[in-house]
Amino acid sequence: MSNAILIVDGKKPCALCKRVLPQEQFHRCANSASGLKPKCKECRKLLAQQDYQEHKTQRNAQRVESNLLVKIEVLTHYSRDKLSCVLCGYGDIRALSINHIEGGGTQHRKNLGCLNLYRWLRNQDYPEGYQTLCMNCQYIKRLTQHEWRK
Ligand SMILES: [Zn+2]
Ligand SMILES: [Zn+2]
């Protein structure tokens, strides 16, 4: 009975765009009553593209998030599990970053190029000689050590 409704004169309405299209415009599907997929090939293609786009944005969002997670993890490690500046205790992650205890951070950053410092530190299993500092303390430290002259 449902077959009669689904296919008329070798044509079938698409469940999505509602156009009545010839059978060839539908992929075969052994499980369905009509033996064809409910949506036409064109719609399925569009949906697949949409799906791909959505997954792409999702993947990007995940990457951004995990970058932040790595940053939090590394900053936490280098602030003795406090996630704050080791000198003044300032805890706003936006103002926190990793600092070379012995200086030379700028050169190191250059060597790393585009590689994410936080990921690099984690990949190296947290090498010694780094600390979590806030912008203020980094600035003050640079002034007092004359790090800018190097
Ligand atoms: Zn369609
Ligand atoms: Zn500080």
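Preceding this paragraph is the structure being described.
In this report, the structure presented in the accompanying data block is examined. (Residues numbered from 1 in each chain as written. Chains lettered and ligands numbered in written order. Predicted model: local features only at pLDDT ≥ 70, side-chain atom pairs only at ≥ 80, totals over all residues.)

### Some details on the overall build of the protein chain
Broken down by element type, the protein chain carries five helices and four strands. For the protein chain, the succession of helices and strands along the chain, N to C, is α-β-β-α-β-α-α-β-α. Relative to its 150 residues, the protein chain shows a buried fraction of 15%. Sequence separation of 24 or more characterises 51% of the internal contacts of the protein chain that already satisfy a separation of 6 or more. (Helix = DSSP H or I, 4+ residues; strand = E, 2+ residues; numbered from the N terminus. Buried ≥ 20, exposed ≤ 12 C-beta atoms within 10 Å, placed from the backbone. Contact = placed C-beta atoms within 7 Å.)

### Overview of the nonpolar core
Membership of the largest hydrophobic core is limited to eleven residues, which are Val74, Leu75, Tyr78, Cys85, Leu96, Ile98, Tyr118, Leu121, Leu133, Cys134 and Cys137. Among the elements of the structure, α2 (41-77), β3 (96-100), α4 (117-123) and β4 (130-134) are those that each provide at least two residues to this core. Those residues within four positions of Leu133 in sequence are excluded, and the remaining contacts are Cys85, Val86, Leu87, Ser97, Asn99, Gln138 and Lys141. (Core = buried A, V, L, I, M, F, W, Y, C linked by C-beta atoms within 7 Å.)

### Quick word on α2
When the terminal C-alpha atoms of α2 are compared, their 53 Å separation across 37 residues agrees well with the 54 Å that a helix rising 1.5 Å per residue should span. Within α2 the residues assigned to the buried category are Cys43, Lys71, Val74 and Leu75. At its buried positions, α2 is contacted by β3, α4 and β4. (Expected span 1.5 Å × (residues − 1).)

### Some thoughts on the environment of Ala33
Within the element layout of this structure, Ala33 appears in the loop between β2 (20-22) and α2. The exposure class of Ala33 is partly exposed, given the 13 C-beta atoms found within 10 Å. Measuring from C-alpha to C-alpha, the distance between Ala33 and Ile7 comes to 9.9 Å, with 26 residues separating the pair along the chain.

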